[in-house]
Amino acid sequence: MQKKVALHTLGCKLNFSETSTIGDQFLNNGFQVVNFDEYADIYLFNTCTVTQNAERECRQLVRRALRNNPDAFVIVTGCYAQLRPEELCQIEGVDAVLGNQEKFNLFSLIDDFTKKDLSCIFVSPVNQINEFGFAHSTDADNRTRAYLKIQDGCDYKCTFCTIPLARGKSKSMDPDLVVSEFINLVEKGYKEIILTGVNVGDYGHSLGTGLYKLLLRLTDIPGDFRIRVSSIEPNLLSDELLELTFSNKKMCNHFHIPLQSGSQHILRQMRRRYTPEYYYQLIEKINSYSDDTGIGVDVIVGFPGETENDFLTTYNFLRELPISYLHVFTYSERPNTPAAEMKEKINVYERRRRNNMLRILSEKKKMSFYEKMIGKELEVLFETENHFGTMRGFSSNYVRVNTVYDSNLTNEIVKVSISGIVDGICEGNILENKNSIDLKAS
Ligand code: SF4
């Protein structure tokens, strides 16, 4: 009987790309990959440790899986496993805990997936995580967008962040390997490839190269595709990267740039590497190239010492900023981070109130950006699903667009004119698909 494995990912796009690669390893070893809610002989969790909630959710999911099959072999890996393996071993039913390096060597570490009395831990100390774990993912069955991991770890020391403790030093995939894997994904028919990592802008630092040089090579690859960079630190978004983005049709005009706070005082406490003024000028510079650029911003509320005045400074800063959406995070104490030792904690209700205020602001920003698209033409990559006679996709500048379903146009980059907004999604009328767009351009 073919053994069944169910995989579950918590956290970032990087984790999703890694789980998908582990899933491929199971397929290559003769296992059947099933959905998480189905009966499985093995359950694997790729975990996150950025917030307490992420860890709590992992423990709840392990118990849920064991209700599905009490005899299942349970593997927990990822950042939570890297940082607190013993804690995870305490959970009744967990059989193996693998660190961030070991997750890719699963089949050389475990050869018998039957439950034992004792659970086993395979976790290298973070300062010994030197190997670059190759990973890419697919969007399940709709072959439109693929995530390609090009960088891992981080050399920065932001005081709230536990990622360097879980993923170690910044390391990058060899550029030749990136190019060959990229070509492989294009040949498989992916029309959008998202370059992902922990600190993507730091790509190549340890190899004496950089993201700009890599993108020059990737945009040179022939084919019908576009490139999206998952996120980039403000101090790493250079003028040459901007120039390349707005001069090359293969680059998506979309940036996701963490801000974290609009207060100089809090940015200093967070040990971030820019000022609000620097950040503002960067956003202005991007808009000077095109004010239709999609710009997403990460922000943390409730950081220790964040006064009402600091919060309002952040709120007003974001309200004035020409951006298109926010990702709002509530500060969460992480063990062994400097911020966890800081005084002047903000109570959870106040953190929640501030989070709600910014989520409302984010929705307003998104809708006013979507309204600005009405009457404009966007290039949209439509996914394969048929939503009751319509199909959806993202534009290059990260606008969600809905239009009449046409199976000939799924997984195609299509030019649409935006006619309006329904249920928070832009409505588009098909103008022409990419091939005819390119033919015309050439
Ligand atoms: S840049 Fe800062 S927040 Fe981002 S992963 Fe590195 S240490 Fe964490």
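Residues numbered from 1 in each chain as written. Predicted model: local features only at pLDDT ≥ 70, side-chain atom pairs only at ≥ 80, totals over all residues. Heavy atoms only, no water.

Peer 1: Whenever I open this one, the site of the ligand confuses me. Can you help?
Peer 2: Taken together, C154, Y156, C158, F160, C161, I163, P164, V198, E233 and R272 make up the full set of residues adjacent to the ligand. Partitioning the shell around the ligand into residue classes produces eight nonpolar, no polar and two charged. (Near = heavy atom within 4 Å. Nonpolar A, V, L, I, M, F, W, Y, C, P; charged D, E, K, R; others polar.)

Peer 1: Is there a simple way to think about the sheet that holds strand β1 (residues 4-9) in this case?
Peer 2: In a beta sheet, neighbouring strands pair by backbone hydrogen bonds and run either parallel or antiparallel. An order of β2-β1-β3-β4-β5-β6 is seen for the six strands of this open sheet, with the pairing classed as parallel. Each edge of the open sheet carries a strand with a single partner, namely β2 (32-34) and β6 (120-122). Neighbour-to-neighbour, the strand axes of this sheet turn through a mean angle of 25°, independent of strand direction. As paired strands, strand β5 (residues 94-98) and β6 are joined by three bridges and run parallel to one another. In the strand pairing of β6, A96 is matched with C120. Against the sheet, helix α2 (residues 52-68) touches β1, β3 (42-47), β4 (73-78) and β5, its axis set at about 170° to β3. (Pairing = 2+ DSSP bridges. Helix = DSSP H or I, 4+ residues; strand = E, 2+ residues; numbered from the N terminus. Axes fitted to C-alpha atoms, helices over the stretch in contact; angles between N-to-C directions. Contact = heavy atoms within 4.5 Å.)

Peer 1: Would you mind showing me how to read the nonpolar core here?
Peer 2: One recurring pattern in soluble globular proteins is that nonpolar side chains are buried together. In terms of nonpolar packing, the biggest core is built from 64 residues, with F182, L218, I257, L318 and L358 touching the most fellow members. Those residues in contact with I257, other than ones at most four positions away along the chain, are I232, E233, P234, L237, Y279, L282, I283, I286, I295, G296, V297 and D298. Counting residues in hydrophobic clusters, the runner-up holds 24 residues, among them Y43, A65, V74 and I91. (Core = buried A, V, L, I, M, F, W, Y, C linked by side-chain atoms within 4.5 Å. Buried < 20%, exposed > 50% of the residue type's maximum accessible area, 1.4 Å probe, protein only.)

Peer 1: What is the right way to look at the pattern of salt bridges in this model?
Peer 2: Charged atoms that come close allow side chains of opposite charge to pair. Evaluation of the coordinates by the stated rule reveals 29 salt bridges. R228 is paired through a salt bridge with E192; the nearest N and O atoms lie 2.8 Å apart. You can see R228 sitting in strand β12 (residues 226-229) and its partner E192 sitting in strand β11 (residues 192-196), a full 36 residues away along the chain. Here the two residues R228 and E192 agree in accessibility, since each one is buried. For E350, the salt bridge identified is with R353, shortest N-O distance 2.6 Å. In this pair, E350 and R353 are both assigned in helix α13 (residues 348-373), three residues apart and thus about one turn of the helix distant. Accessibility expressed as a relative area gives 33% for R353, which makes it partly exposed. Look at the salt bridges and you will find they share partners, linking E18, K103, K149, D152 and R167 into a network. (Salt bridge = Lys/Arg side-chain N within 4 Å of Asp/Glu carboxyl O.)

Peer 1: Looking at this structure, how should I read the domain arrangement of the protein?
Peer 2: How big an interface is tends to be stated in terms of the accessible area lost upon association of its parts. Each assigned domain of the protein is listed with its residue range as follows: domain 1 (4-126), domain 2 (145-372) and domain 3 (377-436). The interface is formed by 22 residues belonging to domain 2 together with 19 residues belonging to domain 3. Summed over both partners, the interface of domain 2 with domain 3 comes to about 1,600 Å²; 52% of that surface belongs to carbon and sulfur atoms. A per-residue breakdown of the area domain 2 buries against domain 3 is headed by K191, R226 and Y370, which together make up 40% of the total. The interface formed by domain 2 and domain 3 contains two salt bridges. For E379, the salt bridge is made with K249, and the minimal N-O distance between the two is 3.3 Å. (Domains from an automatic or database assignment. Buried area = accessible area lost by both parts, 1.4 Å probe.)

Peer 1: Sorry, what's going on with unusual backbone geometry here?
Peer 2: Leave glycine aside and you will find that most residues have negative phi; peptide bonds, for their part, are mostly trans. Although it is not a glycine, N336 adopts a positive phi angle of roughly 65°. Examined against the element boundaries, N336 turns out to sit in the loop between β15 (325-330) and α13. N336 sits in the exposed class, given a relative accessible area of 67%. Despite not being glycine, Y398 shows a phi value in the positive range, around 65°.

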